Amino acid sequence: MSWWKLHKRDKPGQTTSTAVLASASIITRDQVRSVVGRKQEWQAQGWDFYRTVPELKSGIRWAANGCSRARLYIGRIDPDGSSRPTPIDAQGDDLDPDLVARLLAPLEELAGGQLGQSEMLRRFSVHLDIPGESYLVGFDDPKTNERRWLVCSPSEITSVGGGGKVRVQLPESQTSRIELSLDETTLIRLWRPDDEFSYLPDSPLNGLQEPLRELQGLSAHVLATVDSRLQGAGLGLISDDVTPASPQQSDGPNPIHSDPVTAALIEAASASLKNRDSAAALVPLLLRVPGSVEDKFKWFSFATELDEQVLPLREGATKRVAIGLDMPPEALTGMADVNHWTGWLLSDTGITMHIEPKLGLVCDALNSQHFRPAWEALGVPDPENWACWYDTSDLKQRPNRGPEALQAFKEGLIGAGPTRRELGFADEDAPTDEEQNRALVQRIVQSAPSLAPSLLPFLGIRIPETEAAEAVADAVSDNPDAAVESGSGPAELPAAPAATPAAPPALGRPGPPDPPSVTASASESAALEWRTSCLDMAVRRALERAGQWLLNRGGRSLRGQFRHVPLHRIHVELAADTDQLDAMLADAYREFHAATPGQPCLHQAVDHYVRALLLAREEHHRDYLARAIAQAGCDGQAA
């Protein structure tokens, strides 16, 4: 049996559970006949107003479209309730992957995932604003045997079979219906509770009957007046003293009308109403009368003058409707009196005060009647500590997000592609690898001038006084024993393994200090090895701290992708920016500094070495570290 069926019905011998919220409940056999299919008069009128009053439809769709852009997620509830639930992606690596899968399973299955949930939230919003209630129906599709979820209005679901079944109208066609047994169906009723009787549904339309009828009547009056002005150009009377117009009626056995004048009036009026381009709307109907008609001709108009008070009255009714709806009035009446700087404040207020409360009602209902029972069935420990909640960040983004995108890129929150898009540039404007490397070298030289001797050659700048020192360092790397004998290099510097590069990545090579005159003793070599091992631990600790920072920045998906990569090698896979180094290495040397007091040369040398590895995306080697310490002139200090 599927997990969504396990939590649905009570087992034999258990009492029937009651609704834990006044705004949501799972419909049982005892409730289905008294709740499902019962509609109040104002609910039916609300649907009629929604179809005939465009201002009302626009306002309700404004709120529905806003709700559809929200994203549902699963998060841990804040114990003190001071903030919204923390998403699972922000929990770090502390959560068991199996627990994460069980927590996400009901959300991923609900309404077919994120795309289906967007339409689900939209329909919830429309139903809560018109009839004030909605139904979430989950059942196994007999054709595909997959779980299917529908959001139904009260008009789309009825009780049949003595309360044991419900008939649901499917969205495919008018004749597509399905009968579902309550024992095999998840049927959740969600409603906006009435302030007096909470078991009754309520909506903004329940208090807008009068202004909506007023708006509907005024619009009908305006339309009738416009039609009256289009039913011909009036009537012209011509005296017998003037040459009369030729009559169109016949005096034969089949005249057009028993009264030719009436027939002519009807024909002229109907012709202009059927076809707005007809000449009957512009040319008056001519009739012949005996005698004199005030200088032989007189014209009469049948058009009704448009009342000057109709349009102000209609605007007033529109404002009443806008105030009564669950939305900012300015979104419906316009923002002509709102300046540029307060426009975004109104938008954020509309989201906070109108859209988010509705989303909170929906999430609260889903948590109590769907997610927590499902988590209990899936064996999630302490399901009350988790909740499904909403994210409206997409609604609150500004249209000009260039500065925000640039700052987010500097902090490593978004990639270069989205940044270029927000700044108005195409992917074709992206720099080449060579240009990126050159810009990186420039930033490193500016932030760490001590690295300039080794990095400036990448920019085509050669420093003559360092070339000889580089040659000596290369000779020491190739044959350290010869260097000791000749006195051209530091005796305590160990030879680099053949499998590793011969020089530290992106590190300067100032001339080595004056070499000692005697060969280091065995005790000195052991001390040097011990010091290198200690410093090696400090470097690995700092690289692990930086790697954890890079993974946390990328979220859960990135942590899963590099879960098999050691933390001290994450920087090789993920690039780091110069501006991020201080945050990445915060408190990374606490134990190192505490264990080596009074050694600023070592502290600075290790920090420069770690930063060079991060920026160059190179792995750490012990011989790299030894060279860095030697080049910094720290060989004579005790670690």
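Please refer to the structure placed before this passage.
Only a predicted model underlies this, so the values are computations on that prediction, with no experimental measurement involved.

Some details on the overall build of the chain
- When helices and strands are tallied, the chain shows 24 helices and 13 strands.
- Out of the 639 residues in the chain, the part that is buried amounts to 40%.
- A sequence separation of at least 24 residues applies to 69% of the contacts in the chain between residues at least 6 apart.
- Just so you have it, the chain exposes about 35,000 Å², and 53% of that area is on carbon and sulfur atoms.

Digging into the sheet that holds strand β3 (residues 86-87)
- With antiparallel pairing, the 3 strands of this open sheet are ordered in space as β3-β2-β13. Edge positions in the sheet fall to β3 and β13 (386-391), since each of these pairs with one other strand and no more.
- With respect to the sheet, helix α5 (residues 97-109) is in contact with β2 (71-76) and β13, its orientation differing from that of β2 by roughly 160°.

Brief notes about the pattern of salt bridges
- According to the stated counting rule, one finds 18 salt bridges in the structure shown.
- The salt bridge involving Arg147 is made with Asp140; its shortest N-O contact spans 3.3 Å.
- Using a relative accessible area of 13% as the deciding quantity, one classes Arg147 as buried.
- On the basis of relative accessibility, which here comes to 28%, the residue Asp140 falls in the partly exposed class.
- Between Arg167 and Glu179 there is a salt bridge; the shortest N-O distance is 3.0 Å. Highlighted residues: Arg167 in strand β7 (residues 165-169) and Glu179 in strand β8 (residues 177-181), separated in sequence by 12 residues.

Quick look at the packing of helix α12 (residues 402-410) against helix α13 (residues 416-423)
- Between α12 and α13, the shortest axis-to-axis distance is 8 Å and the interhelical angle comes to 160°. The angle between α12 and α13 falls in the class roughly antiparallel. Crossing handedness for the pair α12 and α13: left-handed. Along the contact surface, α12 presents Gly402, Ala405, Leu406 and Phe409, while α13 presents Ala416, Thr419, Glu422 and Leu423.

A look at the environment of Leu551
- Locating Leu551 in the fold gives a position in helix α18 (residues 522-554).
- With relative accessibility at 4%, the residue Leu551 sits in the buried group.
- Dropping the residues within four chain positions of it, Leu551 is found in contact with Leu558, Arg559, Phe562, Leu567, Ile570 and Leu574.

Regarding the packing of aromatic side chains
- In total, this model carries 5 aromatic pairs according to the counting rule given.
- The interplanar angle of 40° and the centroid separation of 5.7 Å between the aromatic rings of Phe371 and Trp375 together place this pair among those described as tilted. With a gap of 4 residues between them, Phe371 and Trp375 both fall in helix α11 (residues 340-377), about one helical turn apart. Trp375 matches Phe371 in its accessibility class, with the two residues each being buried.
- Sitting over the face of the ring of Trp149, Arg147 holds its NZ or CZ atom 5.6 Å from the ring centroid.
- Lying over the aromatic face of Trp191, Arg189 brings its terminal NZ or CZ to 4.1 Å of the ring centre.

Focus: the sheet that holds strand β6 (residues 157-160)
- Strands sit in the order β6-β7-β8 across an open sheet of 3 strands; the sheet is antiparallel. Strands with a single pairing partner mark the edges of an open sheet, and in this sheet they are β6 and β8. Averaged over all pairs of adjacent strands, the angle between strand axes in this sheet comes to 30°, irrespective of strand direction.
- With 4 bridges joining them, β6 and β7 adopt antiparallel strand pairing. Directly across from Val160, in β7, lies its bridge partner Lys165.

Quick notes on the nonpolar core
- One finds Ile74, Met120 and Leu136 to be the most contacted residues of the largest nonpolar core, which totals 38 residues.
- Counting only elements with at least two residues in this core, the list comes to β2, α5, α6 (114-129), β5 (147-152), β9 (186-191), α11 and β13.
- When neighbours within four sequence positions are excluded, Leu136 is seen to be in contact with Leu110, Met120, Phe124, Trp149, Leu150, Val151, Thr186, Leu187, Ile188 and Leu366.
- Val539, Leu550, Cys601 and Val610 belong to the second largest nonpolar core, which has 35 residues in total.

What to know about helix α3 (residues 41-52)
- Between its terminal C-alpha atoms α3 stretches 17 Å, which fits the 16 Å expected from 12 residues at 1.5 Å a residue.
- Among the residues of α3, Trp42, Gln43, Gly46, Trp47, Phe49 and Tyr50 are the ones counted as buried. Seen from one end, α3 has its buried residues packed into an arc of 165°, which puts them on one side. Summarising the geometry of α3, the exposed residues directed more than 90 degrees from the buried face are Glu41 and Arg51.

Let's talk about α6
- Here α6 contains 16 residues, and its C-alpha end-to-end distance of 23 Å stays within 8% of the 22 Å for a straight helix at 1.5 Å per residue.
- Restricting attention to buried positions, one finds in α6 the residues Gln117, Met120, Leu121, Phe124, Ser125, Val126, His127, Leu128 and Asp129.

Description of the state of the cysteines
- Using the criterion set out here, one finds 0 disulfides in the structure.
- Counting only cysteine sulfurs, Cys363 is the nearest neighbor of Cys388, a cysteine outside any disulfide, at a range of 4.7 Å.
- A relative accessible area of 0% places Cys388 in the buried class.

Digging into the side chain of Gln169
- With respect to the helices, strands and loops of the structure, Gln169 is situated in strand β7.
- Once residues lying within four places of it in the same chain are set aside, the contact partners of Gln169 are Glu156, Gln174, Thr175, Ser176 and Arg177.

What about the packing of helix α23 (residues 600-616) against helix α24 (residues 622-631)?
- It is at 9 Å that the axes of α23 and α24 come closest, and there the two elements cross at 130°. The angle between the axes of α23 and α24 places the two elements in the oblique class. As α23 packs across α24, the resulting crossing turns out to be right-handed. Listed contacts from α24 to Leu602, Ala605, Val606, Tyr609 and Leu613 of α23 are Tyr624, Leu625, Ala628 and Ile629.
- Here the contact of α23 with α24 is built from residues that sort into 9 nonpolar, no polar and no charged.

Cut-offs and rules
- Residues numbered from 1 in each chain as written.
- Predicted model: local features only at pLDDT ≥ 70, side-chain atom pairs only at ≥ 80, totals over all residues.
- Heavy atoms only, no water.
- Helix = DSSP H or I, 4+ residues; strand = E, 2+ residues; numbered from the N terminus.
- Buried < 20%, exposed > 50% of the residue type's maximum accessible area, 1.4 Å probe, protein only.
- Contact = heavy atoms within 4.5 Å.
- Areas by Shrake-Rupley, 256 points an atom, 1.4 Å probe, with all protein chains shown as cover.
- Pairing = 2+ DSSP bridges.
- Axes fitted to C-alpha atoms, helices over the stretch in contact; angles between N-to-C directions.
- Salt bridge = Lys/Arg side-chain N within 4 Å of Asp/Glu carboxyl O.
- Parallel < 35°, antiparallel > 145°, perpendicular 65-115°, else oblique.
- Left-handed = near helix turned anticlockwise from the far one by under 90°.
- Phe/Tyr/Trp six-rings, centres within 6.5 Å; stacked < 30°, edge-to-face > 60°.
- Lys NZ or Arg CZ within 6 Å of the ring centre and 35° of its normal.
- Core = buried A, V, L, I, M, F, W, Y, C linked by side-chain atoms within 4.5 Å.
- Expected span 1.5 Å × (residues − 1).
- Arc of directions from axis to C-beta.
- Disulfide = S-S within 2.5 Å.
- Nonpolar A, V, L, I, M, F, W, Y, C, P; charged D, E, K, R; others polar.

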